[in-house]
Amino acid sequence: MEKLIVEGGHPLKGKIHISGAKNSAVALIPAAILSDHVVTIDHLPNISDVHTLALLLEDIGAKVTKQGSRMNIDPRNIIPMPLPNGRVKQLRASYYMMGAMLGKFRKAAIGLPGGCNLGPRPIDQHIKGFEALGARVSNEQGMLYLRADKLRGARIYLDVVSVGATINIMLAAVRAEGRTIIENAAKEPEIIDVATLLTSMGAKIKGVGTNVIRIDGVKTLRSCSHSIIPDRIEAGTYTIAAAAMGEEVLIDNVIPDHLESLLAKLREMGVQMEVGDDQLFIRSSPDLQSIDIKTLVYPGFATDLQQPITALLTKAKGTSIVTDTIYHSRFKHIDELKRMGADVKVEGSSAIIYGKTPLEGTKVKATDLRAGAALVIAGLMGKGITQITGVEHIDRGYENLEEKLISLGAKIWREPLTEEEQADLKTS
Ligand SMILES: CC(=O)N[C@H]1[C@@H](OP(=O)(O)OP(=O)(O)OC[C@H]2O[C@@H](n3ccc(=O)[nH]c3=O)[C@H](O)[C@@H]2O)O[C@H](CO)[C@@H](O)[C@@H]1O
Ligand SMILES: C=C(OP(=O)(O)O)C(=O)O
């Protein structure tokens, strides 16, 4: 096991390239098994969530080959084997194997998903959707069993706007009989990306990107090749790091529209930037002002950028209030920022940040993926050395994090955990 070491205070300058989107990749890989032929996915990020999903597909008999960022998935020999806890628990998106296997085989047996611990993350809307399509769902000792004699299209109203439920129902519905209508669907760009892959495979889907999606089921799906959209959360993270420490940073391979809510808030803080067709250019922004933020479903401010921007707000003059309306207790990073000298308190589902406070390097723990990103940004801003444990969370979602930051002039590297740190992690 390793920790990240960040020597703070070095300005960032140069160009970095954004990888394919994690939250697309982790849905596209399960979606590929719905085809009866080989599916090729390009620009996959080299992150542990992608590796774990590839292993899950191999567990059920798929042939998965990788050349660089391209993955070929041959699902012709897969069988509906149960997928018990273990790998399934290592990531959130293993829940997409439910929709994909239900669509393909009319049955699935899968352990409950893992992923970032952000407080309660129910999957009742996924189950409501599967049941509406005709599946019987039972939870037996931590395994979900889904069985359907027939999958028939249905009208499904989501009580909560959910990315996962929207995609999972879409996966099950593309091979159901007749028309499925998902109302109050989520509109995130990753949902459009998954629908693009399914449509290339021959699925009939209309309305993605709006809150009503119509799917007409088809009997078979063909081979296709698909290129993933850039990761808006990775792009947002580096944009925030550049706002914190950048002299001149060019962020390449972005879709600026996907980041509009973040860019609007950064402008409000006084961050100097230029927005190109597929690039962002962030200039040195010394006098940052406090702002208030509320996370919302897309196109609102992404909850996945709430933790990184909280670190930046310690550098802004005045009091900022950041409210997470999606995950009310996504604030485990706050105690760690406090250790580094931040003046922050959590009240209900808000973090109140009193700025500006200088940060100082110390030992901190990444409890989840974006908490890790927040602590890396804090480490870049802080004086001296920050040691971050819990790197495995960061590796779930950031490709070549150190290499990218080093190319901008940051001083960041990995070291093995000491015996004491390993023991500490086991007991916490
Ligand atoms: C792999 C992936 O794509 N993960 C993303 C996905 O997670 P995930 O798909 O798990 O998040 P959802 O969009 O489903 O969750 C949104 C909200 O709905 C609630 N909810 C969700 C489903 C359900 O059946 N019942 C229910 O009550 C959740 O507790 C949460 O409060 O969207 C989140 C919200 O943008 C992001 O933070 C995650 O990065
Ligand atoms: C919460 C996240 O991921 P997951 O849903 O995969 O846990 C995230 O990407 O910030």
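If you're wondering where the values come from, they're calculated on a predicted model, not measured in any experiment. (Residues numbered from 1 in each chain as written. Chains lettered and ligands numbered in written order. Predicted model: local features only at pLDDT ≥ 70, side-chain atom pairs only at ≥ 80, totals over all residues.)

Comments concerning the site of ligand 1
- Not every one of the 21 residues close to ligand 1 is listed here, only the nearest: N23, Q125, S162, V163 and G164.
- Sorting the residues of the shell around ligand 1 by element identifies helix 1 (22-32), helix 4 (124-132) and helix 5 (163-173) as the ones contributing at least two each.
- Broken down by class, the residue content of the shell around ligand 1 amounts to 11 nonpolar, six polar and four charged.
- Mapping the shell around ligand 1 onto the domain boundaries places at least three of its residues in each of domain 1 (2-19 + 230-427) and domain 2 (22-227). (Near = placed C-beta within 6 Å. Helix = DSSP H or I, 4+ residues; strand = E, 2+ residues; numbered from the N terminus. Nonpolar A, V, L, I, M, F, W, Y, C, P; charged D, E, K, R; others polar. Domains from an automatic or database assignment.)

Observations regarding the site of ligand 2
- All residues adjacent to ligand 2 are K22, L91, R92, A93, G115, C116, D304, L369, R370 and G397.
- Taken together, the residues of the shell around ligand 2 sort by class into four nonpolar, two polar and four charged.
- Residues lining the shell around ligand 2 come from more than one domain, with at least three contributed by each of domain 1 (2-19 + 230-427) and domain 2 (22-227).

Considering the UniProt feature "modified residue: 2-(S-cysteinyl)pyruvic acid O-phosphothioketal" (unreviewed entry) in the protein chain
- Residues given the UniProt feature "modified residue: 2-(S-cysteinyl)pyruvic acid O-phosphothioketal" (unreviewed entry) here are C116.
- Sequence-distant contacts of C116, defined by excluding residues within four places in its chain, comprise R92, D368 and L369. (UniProt positions renumbered as here; feature names shortened; annotations may be inferred. Contact = placed C-beta atoms within 7 Å.)

Some remarks on the domain arrangement of the protein chain
- Along its sequence, the protein chain is carved into domain 1 (2-19 + 230-427) and domain 2 (22-227).
- The gap between the C-alpha centroids of domain 1 and domain 2 is 30 Å.
- Across the boundary between the two partners, domain 1 contributes 19 residues, which contact 16 residues of domain 2.
- Partitioned by chemical class, the residues of the side of domain 1 that touches domain 2 number five nonpolar, seven polar and seven charged.

Comments concerning the UniProt feature "binding site: UDP-N-acetyl-alpha-D-glucosamine" (unreviewed entry) in the protein chain
- The UniProt record marks R92, R121, P122, I123, D124, Q125, D304 and I326 with the feature "binding site: UDP-N-acetyl-alpha-D-glucosamine" (unreviewed entry), using the residue numbering of this structure.
- Position of R121 relative to the elements: it lies in the loop between strand 6 (107-111) and helix 4.
- Within the element layout of this structure, D304 appears in the loop between strand 17 (292-295) and helix 9 (306-313).
- Beyond its immediate chain neighbours, meaning those up to four positions away, D304 contacts I233 and R370.

Description of the sheet that holds strand 22 (residues 385-389)
- A sheet is described by the order of its strands in space; here four strands give the open sequence 21-22-1-23, paired in mixed fashion. The open sheet has two edge strands, strand 21 (363-365) and strand 23 (411-416), and neither has a second partner. For this sheet, the mean inter-axis angle between neighbouring strands, taken without regard to orientation, is 25°.
- Of the pairings in the sheet, the one linking strand 1 (residues 2-7) to strand 23 comprises six bridges and is antiparallel in character. Across the sheet, the residue bridging to E7 is K411, located in strand 23.
- Docked against the sheet, helix 11 (residues 369-381) engages strand 1, strand 21 and strand 22, running at close to 170° with respect to strand 22. (Pairing = 2+ DSSP bridges. Axes fitted to C-alpha atoms, helices over the stretch in contact; angles between N-to-C directions.)

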